[in-house]
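# Structural features, examined
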Amino acid sequence: MNRIAVLCSGGDSPGMNCAIRAVVRTCLANDIEIFGIRRGYAGLLEGSQHQMDTASVGNILQKGGTILQTSRCPEFIKPEIRAEAAHILKRKNIDALIVIGGNGSFNGAWELHKEHGIPVVGIPGTIDNDIEGTDYSIGFDTAVQTAIEAVDKIRDTAHSHDRTFIVEVMGRKSPAIALHVGLCTGAENIIFPVQEEKEVDIDTIANDIKRGLKRGKGSSIIIASEGETEGLSHYVHNELLDKHKLDSRVCILGHIQRGGNPTARDRFIATQMGHLAVKSLLAGEKASVTAEQNGQVVLEKLENCLGKKFEVEEKYVEIVKTLSK
Ligand code: F6P
């Protein structure tokens, strides 16, 4: 193992820079040449590798985003495109690839390994925290913290005006951000990702608001996952108004949740994961993921981390329901 490359893929997440820094400096400490690939798999295909040194990762640990930039590369599902990528890596004498991203990015890495024998390590990086095989993915804590701070501010004005707010958080398919934000902000209701608007139980939401009003509670916060249909929060607003004569305001937090300085938790985990990723390659691992399990950063088989976690943890939903009554 002489040369390793690292890239970020999929949506960025705060803490990716901590992982990049740890990868680069662990490589250098072990006399491995390390190459950064810009803009994910798309950049790999364009041949964008550049050699990194200690200084290239100086002063980045505290910054959100990723200095390597990232992209989604749908073409990578094609075997012939992966063959091209493998050819580029081999031509540049790159012995292994570290991929920081979500489960889509891990699937690409897994195929690259299976088809072309390239050793790969995945570092979980997505604010959605929805990768199978790991309890945690880098960026989730920061995203949740950002959303909580926003909802706290919305609470102030909601209370002043006796208003209901529908606050939309990220997570097209993942319920994780909505669940944590809902629980941490004392939300009255949480809407988890839906594929179609009609799956939202408007009557229950309305009844909860009305029950609150009866007992003198003028304001309510509903946390809504963005889900797979754009404009879900506006749909909920319109339905509450048309069917139940309940007015509300909509606030879509959007990509603000993907930026910002990583929290201590994200720095702590990302740094360990970046370090372990390199160590695992040096130890001869061929296809693994740096996972968090039972509070420890450990290695998991890549093939166990290819799926998405969709499940809503009911025990937390129960707490939200009980406390908002
Ligand atoms: O990175 C994950 C995520 O932020 C999801 O929560 C969200 O649904 C999606 O990415 C948004 O993707 P894009 O960057 O393409 O708008």
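Please read all numbers here as calculations on a predicted model, not as lab measurements.

### Quick notes on the sheet that holds strand β2 (residues 33–37)
- Taking strand neighbours across the sheet as the criterion, the 7 strands line up as β3-β2-β1-β4-β5-β10-β11 in an open arrangement whose pairing is mixed. In this open sheet, the two edge strands, each paired with only one partner strand, are β3 (49–52) and β11 (296–301). When strand polarity is set aside, the average angle formed by the axes of neighbouring strands in this sheet is 25°.
- Where strand β4 (residues 96–101) and strand β5 (residues 120–124) come together, 5 bridges link them in parallel fashion. Along β5, the bridge assignment pairs I100 with I123.
- In the packing of helix α4 (residues 103–116) onto the sheet, the strands contacted are β4, β5 and β10 (287–293), and the crossing angle to β4 comes to about 165°.

### Focus: the UniProt feature "binding site: Mg(2+)" (unreviewed entry) in the protein
- Here, UniProt's "binding site: Mg(2+)" (unreviewed entry) annotation points to N103.
- Residue placement: N103 occurs in helix α4.
- Excluding anything up to four places from it in sequence, N103 contacts I131, C305, L306, G307 and K308.

### A word on the domain arrangement of the protein
- Domains assigned within the protein are domain 1 (3–139 + 262–304) and domain 2 (141–258).
- A straight line from the C-alpha centre of domain 1 to that of domain 2 covers 34 Å.
- The interface is formed by 15 residues belonging to domain 1 together with 11 residues belonging to domain 2.
- Buried area between domain 1 and domain 2, summed over both chains or domains, comes out near 980 Å², and the portion from carbon and sulfur atoms is 52%.
- In terms of surface lost to domain 2, no three residues of domain 1 exceed I127, D128 and T263, which account for 47% of the buried area on that side.
- Linking domain 1 to domain 2 there are 1 salt bridge.
- As a salt-bridge pair, D12 and R258 come within 2.8 Å of each other at their nearest N and O atoms.
- By residue class, the composition of the side of domain 1 that touches domain 2 is 4 nonpolar, 5 polar and 6 charged.

### Focus: helix α10 (residues 314–324)
- Within α10, the full set of buried residues consists of V317, V320 and S324. Buried residues of α10, viewed axially, fall in a sector of 60°; they line one side. In this structure, α10 carries E314, K315 and L323 as exposed residues pointing more than 90 degrees from its buried face.

What counts as what
Residues numbered from 1 in each chain as written. Predicted model: local features only at pLDDT ≥ 70, side-chain atom pairs only at ≥ 80, totals over all residues. Heavy atoms only, no water. Pairing = 2+ DSSP bridges. Helix = DSSP H or I, 4+ residues; strand = E, 2+ residues; numbered from the N terminus. Axes fitted to C-alpha atoms, helices over the stretch in contact; angles between N-to-C directions. Contact = heavy atoms within 4.5 Å. UniProt positions renumbered as here; feature names shortened; annotations may be inferred. Domains from an automatic or database assignment. Buried area = accessible area lost by both parts, 1.4 Å probe. Salt bridge = Lys/Arg side-chain N within 4 Å of Asp/Glu carboxyl O. Nonpolar A, V, L, I, M, F, W, Y, C, P; charged D, E, K, R; others polar. Buried < 20%, exposed > 50% of the residue type's maximum accessible area, 1.4 Å probe, protein only. Arc of directions from axis to C-beta.

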